Amino acid sequence: MDRQKALQIVKKQLTDKRYEHTIGVMETSIQLAKKYGADVKKAELAAIFHDYAKFRPKEEMEKIIISQKLPSQLLDYHSELWHAPVGAYLVKEEAGIDDEEILQAIRYHTTGNKDMTLLDKIVFLADYIEPGRKFPGVDHVRELSQQSLDKAVIQALKNTIKFLLDKNQLIYPDTLETYNSLMKKQQMKEDFN
Ligand code: DGI
Ligand code: FE
Ligand code: FE
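This one's a predicted model, so the numbers in the text were calculated from it and none came from an experiment.

Undergrad: Is there a simple way to explain the overall build of the chain in this structure?
TA: Across its full length, the chain carries 10 helices and 0 strands. Counting from the amino terminus, helix and strand elements in the chain follow one another as α-α-α-α-α-α-α-α-α-α. Taken against the 2.2 N^0.38 rule, which gives 16 Å for 193 residues, the C-alpha radius of gyration of the chain at 16 Å falls within 12% of a compact globule. When its C-alpha atoms are laid out on the principal axes, the chain stretches across 50 × 35 × 30 Å. Evaluated residue by residue, the chain yields a buried proportion of 49% over its 193 residues.

Undergrad: It is not clear to me how the coordination of the iron ion (ligand 3) should be interpreted in this structure. Could you clarify?
TA: Each pair of donors in an ideal octahedron of six around a metal sits at 90 or 180 degrees, and each pair in an ideal tetrahedron of four sits at 109.5 degrees. His-21 (NE2), His-50 (NE2), Asp-51 (OD) and Asp-127 (OD) make up the full set of protein donors to the iron ion (ligand 3), lying at 2.2 Å. Expressed as a motif, the donor residue spacing for the iron ion (ligand 3) is H-x28-H-D-x75-D.

Undergrad: Sorry, what's going on with the nonpolar core here?
TA: For soluble globular proteins, nonpolar side chains are generally found buried alongside one another. Counting residues in each nonpolar core, the largest one holds 61 residues, and the members touching the most others are Phe-49 and Val-86. If near-sequence neighbours (up to four positions away) are discounted, Val-86 is found in contact with Ala-53, Met-61, Ile-64, Ile-65 and Leu-70.

Undergrad: Got a minute to help me understand the side chain of Gln-186 in this structure?
TA: Tracing the chain through its elements places Gln-186 in helix α10 (residues 173-192). When sequence neighbours within four positions are dropped, the list of residues in contact with Gln-186 reads Asp-150, Lys-151 and Ile-154.

Undergrad: Sorry if this is basic, but what is going on with unusual backbone geometry here?
TA: The phi torsion of most residues other than glycine is negative, and most of the peptide bonds are trans. For Lys-69, which is not glycine, the phi dihedral falls at a positive 55°. By the secondary structure assignment, Lys-69 is in the loop between α4 (58-67) and α5 (83-95). The exposure class of Lys-69 is exposed, given its relative accessible area of 72%.

Undergrad: Whenever I open this one, the coordination of the iron ion (ligand 2) confuses me. Can you help?
TA: Surrounding the iron ion (ligand 2) are the protein donor atoms Asp-51 (OD), His-83 (NE2) and His-109 (NE2), at 2.1 Å. Donor residues for the iron ion (ligand 2), ordered by position in the chain, follow D-x31-H-x25-H.

Undergrad: It is not clear to me how the site of ligand 1 should be interpreted in this structure. Could you clarify?
TA: In the vicinity of ligand 1 there are 19 residues, among which Arg-18, Lys-54, Thr-110, Arg-133 and Thr-175 approach most closely. In the model, an oxygen atom of ligand 1 is placed 2.7 Å from a nitrogen or oxygen of the Thr-110 side chain. One nitrogen or oxygen atom from the side chain of Asp-127 is found 3.1 Å from an oxygen atom belonging to ligand 1. A total of 580 Å² of accessible area belongs to ligand 1 in isolation, and the protein chains cover 84% of it. Elements that contribute at least two residues to the shell around ligand 1 include exactly α2 (16-36) and α9 (149-166). Within the shell around ligand 1, the residues separate by chemical class into 5 nonpolar, 8 polar and 6 charged.

The rules behind each value
Residues numbered from 1 in each chain as written. Chains lettered and ligands numbered in written order. Predicted model: local features only at pLDDT ≥ 70, side-chain atom pairs only at ≥ 80, totals over all residues. Heavy atoms only, no water. Helix = DSSP H or I, 4+ residues; strand = E, 2+ residues; numbered from the N terminus. Rg over C-alpha atoms; globule rule 2.2 N^0.38 Å. Buried < 20%, exposed > 50% of the residue type's maximum accessible area, 1.4 Å probe, protein only. Donors = N, O, S within 2.8 Å, 3.2 Å for Na, K, Ca; no water. Core = buried A, V, L, I, M, F, W, Y, C linked by side-chain atoms within 4.5 Å. Contact = heavy atoms within 4.5 Å. Near = heavy atom within 4 Å. Polar contact = N/O pair within 3.5 Å; in protein donor to acceptor, adjacent residues only side chain to side chain. Areas by Shrake-Rupley, 256 points an atom, 1.4 Å probe, with all protein chains shown as cover. Nonpolar A, V, L, I, M, F, W, Y, C, P; charged D, E, K, R; others polar.

Below, the structure is given as structure tokens:
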């Protein structure tokens, strides 16, 4: 699918503000894909569709999680997490995107996953650092993203975990597993050097 068609589909699902965020994620994903040698076209499409399900009613997302046998533990955590796995499902069903690498990057864009691919990391980070994002610490993650993708993802996760702790929110297991898995890898590298 070409960019114009994808943007046209996604625009109907989003508010103007969320559409602008999507454009930012798309541009940032393309830049990171070029820099780190990922498939630029896949990064572009995954970014365009990453928040496809953001405005679906909670009841609809809940039904999809149950009927499509998405991880049922999602229902025990904040509904903010649901649009990522539900989005991966709907993008395939409604927009006909069937590339599993693209769907996976959409599925894990909010929490990450312990076995993240290069594409998953790019979309996860682009979502965090796109030019419209203003939260504390984002500039540091922007700088890290130009040095090491793993270090940048770790820092983004740290910020998110701290933010959730301060708000007395639950931390989804995938978020912690992603952090642990990347930290282990980073520590092994440092031991070796
Ligand atoms: O959809 P976006 O706003 O562009 O960004 P996103 O998909 O990364 O969603 C961000 C929200 O998800 C933010 O409010 C924090 C929340 N979040 C991320 N990881 C976790 C989490 N919420 C909980 N409860 N647990 C998590 O592990
Ligand atoms: Fe999102
Ligand atoms: Fe997003």
